[in-house]
Amino acid sequence: MELRINQKTYQVDADADTPLLWVIRDDLGMTGTKYGCGLAQCGACSVLVDGNVVRSCVTPVAGVVGREVTTIEAIEADDVGKRVVSTWVDLQVAQCGYCQSGQVMAATALLKQNPKPSDAQIEAAMVNLCRCGTYNAIHAAVHELASKGDA
C-alpha cells in the first residue's frame, strides 16, 4: 500500500491491520515515534494525520492510506512545529525525553488549530503521560507559545 509520510510517498508491504507505529518504526526506520503502552493511553506514539493527533499504536496502517502523516522527524518543517521544538529546548522541558516527541506533536496540533488556547483548552489537549512529571514545564512551554499569539 502507498503511504504519505512527512511529505514523501512510501510503498509498504504490511497487513492492513498492522499498527501504523510499527510500519513507521520497523519498516521505515523512523524511530522518533515511541512505543509506550500499546493501548492509546500514554501518547508516546502520537503522530499527526491530516493535522490531527492520532495514537499510532492503535491506528491500522490501512486507515491512513490517502492521508498525510507527520512524524516527529519532520515536525520542524512546519513553522508551528519548529517554534514548539525551539520553545521546548529554550525552556528545557524534557527530562528523560521519552514522551517528548508525542508531547511536541500534541502541542503542535493544538497550536495549529488554536494559536491562543485557554488554560482549559491546553489542559484538554495536553493529555499525554510523562513518567518524569514534567507537566509544569510542558504547560509553561505551551503557554509561552500561546502568549506570542502566532504560535
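One can find the structure itself at the top, above this paragraph.
What you see is a predicted model; the values in this text were computed from it and never measured.

## Focus on the layout of surface pockets
Over the atoms rolls a probe the size of a water molecule, and its path tells where empty space is left. Within this model, the largest pocket holds a volume of roughly 250 Å³. Residue lining of the largest pocket: 13 residues in total, with Q7, E68, T70, A74 and D78 positioned closest to the centre. Of all the secondary-structure elements, those providing two or more residues to the lining of the largest pocket are strand 5 (68-70) and helix 3 (100-113). Split by residue class, the lining of the largest pocket holds four nonpolar, five polar and four charged. Looking at the lining of the second largest pocket residue by residue, the class counts come to nine nonpolar, one polar and one charged.

## Concerning the packing of helix 2 (residues 79-90) against helix 5 (residues 135-148)
At a minimum axis distance of 10 Å, the contact between helix 2 and helix 5 shows a crossing angle of 130 degrees. Classified by the angle between their axes, helix 2 and helix 5 sit oblique to one another. Read as a crossing pair, helix 2 and helix 5 show a hand that is right-handed. From helix 2, R83, V84, T87 and W88 reach across to helix 5, where they touch I138, A141, V142, E144, L145 and K148. When the residues that make up the contact of helix 2 with helix 5 are grouped by side-chain class, the tally is six nonpolar, one polar and three charged.

## Details of the nonpolar core
In terms of nonpolar packing, the biggest core is built from 22 residues, with I75, V84, W88, V104, M126 and V142 touching the most fellow members. Looking at this core, the elements that each hand over two or more residues are helix 2, helix 3 and helix 5. Here this core takes seven residues from helix 3, the largest share from any one element. Sequence-distant contacts of V142, defined by excluding residues within four places in its chain, comprise W88, A107, L110, I122 and M126. Formed by 14 residues, the second largest nonpolar core is a distinct cluster that contains I5, A14, M30 and V69.

## Examining a nonpolar patch on the surface
Nonpolar side chains collect at one region of the surface, where W22, Y35 and Y98 lie side by side and expose about 290 Å² of accessible area between them. By relative accessible area, Y35 is classed as partly exposed at 35%.

## Considerations on the side chain of Q100
The topology assignment puts Q100 in helix 3. Residues contacting Q100, with those up to four places away along its chain left out, are W88, V93, A94, C130, T134 and I138.

## What to know about helix 5
When the terminal C-alpha atoms of helix 5 are compared, their 20 Å separation across 14 residues agrees well with the 20 Å that a helix rising 1.5 Å per residue should span. Along its buried surface, helix 5 packs onto helix 2, helix 3 and helix 4 (119-125).

## Things to note about the pairing of strand 1 (residues 2-5)
Only one face of strand 1 is covered, namely the face carrying L3 and I5; the face carrying E2 and R4 is uncovered. Relative to strand 2 (residues 8-11), strand 1 is paired through four bridges, and the arrangement is antiparallel. Within the sheet, the bridge partner assigned to I5 lies in strand 2 and is K8. Relative to strand 5, strand 1 runs parallel, the two sharing two bridges. Residue R4 lies in a different strand from strand 5, and its bridge partner there is E68.

About the cut-offs
- Residues numbered from 1 in each chain as written.
- Predicted model: local features only at pLDDT ≥ 70, side-chain atom pairs only at ≥ 80, totals over all residues.
- Heavy atoms only, no water.
- 1 Å grid on protein atoms, 1.4 Å probe; cavity = no way out; pocket = protein on both sides within 12 Å on 5 of 7 lines; lining within 4 Å.
- Points joined across faces, edges and corners; volume = space filled by probe spheres on them.
- Helix = DSSP H or I, 4+ residues; strand = E, 2+ residues; numbered from the N terminus.
- Nonpolar A, V, L, I, M, F, W, Y, C, P; charged D, E, K, R; others polar.
- Axes fitted to C-alpha atoms, helices over the stretch in contact; angles between N-to-C directions.
- Parallel < 35°, antiparallel > 145°, perpendicular 65-115°, else oblique.
- Left-handed = near helix turned anticlockwise from the far one by under 90°.
- Contact = heavy atoms within 4.5 Å.
- Core = buried A, V, L, I, M, F, W, Y, C linked by side-chain atoms within 4.5 Å.
- Buried < 20%, exposed > 50% of the residue type's maximum accessible area, 1.4 Å probe, protein only.
- Patch = residues over 30% accessible without salt bridge, like charges linked within 9 Å, V, L, I, M, F, W, Y side chains within 5 Å.
- Areas by Shrake-Rupley, 256 points an atom, 1.4 Å probe, with all protein chains shown as cover.
- Salt bridge = Lys/Arg side-chain N within 4 Å of Asp/Glu carboxyl O.
- Expected span 1.5 Å × (residues − 1).
- Pairing = 2+ DSSP bridges.

Scope: geometric values only; no functional claims are made or implied.
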